[in-house]
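# Observations on chain architecture
Spelled out from the first residue to the last, the chains are:
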Amino acid sequence: MEYSVRINGLMVDAVYREEDVRDIFLPLLRRLRSLQREKGRRILVMMAAPPGAGKSTLASFLESLSRSVPGMTPITVIGMDGFHRRQEYLMSHRAVRDGREVEMVKIKGAPVTFDLELLRERIGRVAAGEECPWPEYDRLIHNPVEGKICVKGRIVLLEGNYLLLDEDGWRELGQYADYTIRITADLDMLRERLIARKAASGTEYEEAVRFVDSSDLYNARLCLGRCVEADLTLRGLRGGGYEVVE
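## Observations concerning the overall build of the protein chain
- When helices and strands are counted, the protein chain shows six helices and 12 strands.
- In summary, the protein chain has a C-alpha radius of gyration of 17 Å against a globular reference of 18 Å for 246 residues, a match within 12%.
- If you line up the protein chain on its principal axes, its C-alpha atoms span 50 × 40 × 30 Å.
- Out of the 246 residues in the protein chain, the part that is buried amounts to 52%.
- Sequence-distant contacts in the protein chain: of pairs separated by 6 or more residues, those separated by 24 or more amount to 70%.
- Carbon and sulfur atoms provide 47% of the accessible area of the protein chain, an area that totals close to 11,800 Å².
- Here the protein chain holds 37 positive side-chain charges and 39 negative ones, and the gap between their average locations is 2 Å.

If you want it as structure tokens, here you go:
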């Protein structure tokens with residue numbers, strides 16, 4: 001099934017296997033519909049995956065699927081990328097990585113480069129059932145744009161790299177989740193995707209390779225290796241499909 005969508009300012013073309021739609025995605029949507037009905041209130045679903053795993057596109061596809069299949073409860077998708085600290089902040093602040101101080105802008109995408117306090121406050125409002133504004137990240141201007149979405153609906157799916165990160169501060173976000181999804185993938189495949197994505201945002205290819213190898217892959221290893229258990233774990237396959245990890 002072909003699917004095209006604009007993610008963070010860039011057009012993305014994806015193809016999802018019919019068997020994945022039938023055996024994974026539709027059963028997931030039915031499970032979330034049942035869970036929402038059981039609880040009788042808005043539910044918050046958290047989907048976590050390393051950078052380059054295709055979580056934003058998949059989340060958007062699930063939203064589209066939920067709105068096109070009769071009998072499903074429509075889901076609303078939001079992302080944590082809108083809580084990147086602004087580029088000017090990253091260029092003027094430093095952080096410690098592996099015992100040495102570095103400019104934040106050089107490790108953009110690491111947990112420390114997100115505004116975790118603001119993210120936690122906004123997640124709390126969403127989990128409480130409020131209709132509230134939500135920011136989106138734009139890769140073309142390299143900054144978040146506030147208020148791009150007004151969060152509504154009975155099922156909200158929040159996607160992001162570190163939503164299931166097993167570290168202080170991040171770990172506490174799990175208290176707001178009614179259901180969690182984790183996506184894993186092979187590091188080599190992630191590297192190829194990340195370089196292509198970075199280059200597509202206007203970065204020279206050689207610089208895209210340097211950034212991915214020095215920053216994005218570090219973050220990918222963190223997501224893959226330091227994550228709490230999820231209700232559903234999927235493995236992304238090189239051919240574009242998924243498999244359920246038991």
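So that's the structure; there's more coming.
## Digging into the state of the cysteines
- The full count for this structure, using the stated rule, is zero disulfides.
- Cys132 carries a free sulfur, and the closest cysteine sulfur to it, the one in Cys150, is 7.1 Å from it.
- Considering cysteine sulfurs only, Cys227 is the nearest to Cys223, which forms no disulfide, with 7.6 Å between them.

## Overview of the nonpolar core
- If you look at the biggest cluster of nonpolar residues, it comprises 38 residues, and the most contacted ones within it are Tyr16, Phe25 and Leu58.
- When residues no more than four places from it in sequence are discounted, the contact partners of Tyr16 are Met1, Tyr3, Val21, Phe25, Thr57, Leu58, Phe61 and Tyr242.
- Grouped together as the second largest cluster of nonpolar side chains are 27 residues, Leu44, Leu163, Cys223 and Ala230 included.

The rules behind each value
Throughout, residues of each chain are indexed from 1 in the direction in which the sequence is written. Where local features are concerned, this predicted model is filtered to residues with pLDDT of at least 70; where side-chain atom pairs are given and counted, the filter is 80 or more; whole-chain, interface and lining totals use all residues. Water and hydrogen atoms play no part in the side-chain values, which are based on all heavy atoms of the structure. Think of it this way: any DSSP run of H or I at least four residues long counts as a helix, any run of E at least two long counts as a strand, and we number them from the N terminus. Every radius of gyration here is taken over C-alpha atoms, with the globule rule written as 2.2 Å times N^0.38, N being the number of residues. Buried, partly exposed and exposed residues are distinguished by accessible area as a fraction of the type maximum, computed with a 1.4 Å probe on protein chains only: under 20%, between the cut-offs, and over 50%, respectively. Every residue pair with non-hydrogen atoms within 4.5 Å of one another is taken to be in contact. For the area figures, the Shrake-Rupley method with a 1.4 Å probe applies, and any residue is considered shielded solely by the protein chains shown. Note that His is not counted, nor are the chain ends; the positive residues are Lys and Arg, and the negative ones are Asp and Glu. A charge is said to be at NZ when it belongs to Lys, at CZ for Arg, at CG for Asp and at CD for Glu. Throughout, disulfides are identified as pairs of cysteine sulfur atoms within 2.5 Å of each other. Here, the term nonpolar core denotes a set of buried Ala, Val, Leu, Ile, Met, Phe, Trp, Tyr and Cys residues that are joined through side-chain atoms within 4.5 Å.

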